[in-house]
Amino acid sequence: MKCRACGQKAVVNMRQHKLALCKEHYLEWIPEQTGRFIEKYKMFSHEEKVLVAVSGGKDSLSLWDILQRLGYQADGLYICLGIDEGLNYSAESQRLTGKFAAAHSLKLHIVDVQKEYGSTIPEFSLKSHRGRLKPCSVCGLVKRHVMNRVARDFGYDVLATGHNLDDEAAVLFGNTLSWAGEYMLRQGPVLHGNSGLARKVKPLCRIYEREMLAYALLRGIEYIYDECPFSVGSTSIYYKQLLNKLESDRPGAKQTFYLSFLEARRSGLFVERETIQAELHPCTNCGQPTSAPGLCSFCRMMSR
Amino acid sequence: MLTAKTRQSISGFQNNSRSRQRIPAKYLFVLHLHKFKTEAIIFWGLCFDFNGHFVPPLDLKVYNQLRRGKILRPRVPMVKLILRDQEYEVRPGMTLLDALKKNNILSEGVLCTRNGELVVEDEILRDGDVIKLIAAISGG
Ligand code: SF4
Ligand SMILES: [Zn+2]
Ligand SMILES: [Zn+2]
């Protein structure tokens, strides 16, 4: 297979785009595409300050790399979750994130959940569910809270995460299975900020996970290959596999699923009910918006 | 050609794979023939293929070793696929995509590397290739 741009041997073939590229042109193509989507979905401008949530994984580190190459003002935020489980997961991902930031002289905020809030994620999970569930719900809650807090405290306009198309399609698939309309309304490349919250954007939401992996490999980004030990057997992995099965029979199916959803929503398939638009109240403790008056769910968990 | 009687004297001396396995291992050799590799048996110092045809090995040295009863086992051409701690073996000559399909690996979920370089799925596998697969799917 030959690179479409130069005719040399291709290293990546993207069946859904009918496009194969060599290393050199692929490393140009991905940032170019990302830049295009940032503009298309009006995610942020070169004047705005962007906070990139970096986990040490291939997607978030690549996103940071791309944004910096495109000349955006992107700082990083690493949240140390204190997940070890015999794999040293958090420590290793923090080391790789720190190394990347240092090598590119980028600014990195580090929040250690245990130091700031007293417990690690697995400990929090044990307290609030008595260990019955995976820590992922607690983890998500804490991450969201910390990201919002850091963005507000340091005056960032935008919060960027490394979600790729596979992540988004898997979430959408899960939501479609249960027709979780409220969640679907909020899912998209851009989630507009309100009540003092930073705008949330997903600049990689149109790029396949496999392509992000290829980018990280070709760019030589050192990322953490091991997964979070709690993600093993998760439904999102299962949905991704199902969608990949579909994709292998019909190249482009995954992308169409996500894009036609965005299109359907844009044309008003999901009309916002008034109740959904319920007013948000600031949390009495931390000030972040919450749906019910009083403490937000994060502060409720902390006070337990 | 062997006579019918000789054929019978070697148990299961027929050209079908089921009976092949019944030939005692000590008769079974793998020979370098003219251009390709095939299996043959040595019987009374002579070499026959599974149709009972006499096959003269090209290499006299190989032939003499066989006559002396030494079993030669040339390396079987093989390509190795490695995914995490799993290893799969396939024959060279097929495309990478076919090799993945054969082992029920979705090409959408992996990237393939050879000697640290990415290779695309239409690549024809060569003998001795070691293809490291990198899983693209992550959870969370
Ligand atoms: S898999 Fe669960 S626990 Fe692990 S980082 Fe993701 S959300 Fe947190
Ligand atoms: Zn090229
Ligand atoms: Zn609060």
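Everything below is about the structure shown above.
Residues numbered from 1 in each chain as written. Chains lettered and ligands numbered in written order. Predicted model: local features only at pLDDT ≥ 70, side-chain atom pairs only at ≥ 80, totals over all residues. Heavy atoms only, no water.

Undergrad: Can you walk me through the pairing of strand β8 (residues 130-135) of chain B in this structure?
TA: The side chains of a regular strand alternate between the sheet's two faces. All names here are of chain B. Relative to β8, strand β4 (residues 79-83) is paired through 4 bridges, and the arrangement is parallel. Note on β8: the bridge partner recorded for Ile82 is Lys132. The sheet contact formed by strand β6 (residues 110-114) and β8 spans 5 bridges and is antiparallel. Bridge pairing in β8 links Val110 to Ala135. (Pairing = 2+ DSSP bridges. Helix = DSSP H or I, 4+ residues; strand = E, 2+ residues; numbered from the N terminus.)

Undergrad: How should the layout of surface pockets be read in this particular structure?
TA: With a probe scaled to a water molecule rolled over the atoms, the places where space remains empty come into view. Volume-wise, the second largest pocket comes out at about 400 Å³. Around the second largest pocket sit 15 residues that line it, and Gln241 of chain A together with Leu83, Arg84, Ala135 and Ile137 of chain B are the ones nearest its centre. Among the elements that line the lining of the second largest pocket, the one with the most residues is helix α10 (residues 235-249) of chain A, at 3 residues. (1 Å grid on protein atoms, 1.4 Å probe; cavity = no way out; pocket = protein on both sides within 12 Å on 5 of 7 lines; lining within 4 Å. Points joined across faces, edges and corners; volume = space filled by probe spheres on them.)

Undergrad: Even after reading the chapter, I still don't get the interface of chain B and chain A, so can you show me in this structure?
TA: Often, the extent of an interface is quoted as the loss of accessible area on bringing the components together. Across the contact, 21 residues belong to chain B and 27 residues belong to chain A. Carbon and sulfur atoms supply 57% of the area buried between chain B and chain A, which totals about 2100 Å² over both sides. When the area that chain B buries against chain A is broken down by residue, the three leading residues are Glu108, Leu118 and Ile137 of chain B, summing to 30%. Applying the counting rule to chain B against chain A returns 3 salt bridges. For Glu108 of chain B, the salt bridge goes to Arg15 of chain A, with nearest N and O atoms at 2.9 Å. Along the contact surface separating chain B from chain A lie 10 residue pairs in polar contact (both at pLDDT 80 or more). (Contact = heavy atoms within 4.5 Å. Buried area = accessible area lost by both parts, 1.4 Å probe. Salt bridge = Lys/Arg side-chain N within 4 Å of Asp/Glu carboxyl O. Polar contact = N/O pair within 3.5 Å; in protein donor to acceptor, adjacent residues only side chain to side chain.)

Undergrad: Is there a simple way to explain helix α9 (residues 209-219) of chain A in this structure?
TA: In terms of burial, α9 of chain A is largely enclosed, as 9 of its 11 residues are buried. Positive backbone phi, at 75°, marks Gly220 of chain A, one or two positions downstream of α9 of chain A. (Buried < 20%, exposed > 50% of the residue type's maximum accessible area, 1.4 Å probe, protein only.)

Undergrad: I keep staring at the coordination of the zinc ion (ligand 2) and nothing clicks. Help me out?
TA: Octahedral metals with six donors have ideal donor angles of 90 or 180 degrees. Tetrahedral metals with four donors have an ideal donor angle of 109.5 degrees. Residues and elements named next belong to chain A. Coordination of the zinc ion (ligand 2) by the protein comes from Cys3 (SG), Cys6 (SG), Cys22 (SG) and His25 (ND1), over a distance range of 2.0 to 2.3 Å. Note that the zinc ion (ligand 2) binds 4 donor atoms; their angles at the metal cover 96 to 116°, and the shape is tetrahedral. For the zinc ion (ligand 2), all donor residues lie on one chain, and their spacing in sequence is C-x2-C-x15-C-x2-H. His25 carries the same exposure label as Cys22, and that label is buried. (Donors = N, O, S within 2.8 Å, 3.2 Å for Na, K, Ca; no water. Tetrahedral: all angles 85-135°; square planar, octahedral: opposite > 155°, others 65-115°.)

Undergrad: What is the right way to look at the side chain of Glu247 of chain A in this model?
TA: Tracing the backbone shows Glu247 of chain A in helix α10. It turns out Glu247 of chain A is buried and unbridged, and the closest side chain with the opposite charge, Lys254 of chain A, is 4.8 Å from it. (Lys, Arg positive; Asp, Glu negative; His and termini not counted.)

Undergrad: Quick question: what am I supposed to make of the environment of Trp64 of chain A here?
TA: Residues and elements named next belong to chain A. Here Trp64 shows up in helix α2 (residues 58-69). When the C-alpha positions of Trp64 and Val52 are compared, they lie 6.5 Å apart, and in sequence the two are 12 residues distant. At 3.1 Å, the side chain of Trp64 and the backbone oxygen of Ala74 are in polar contact.

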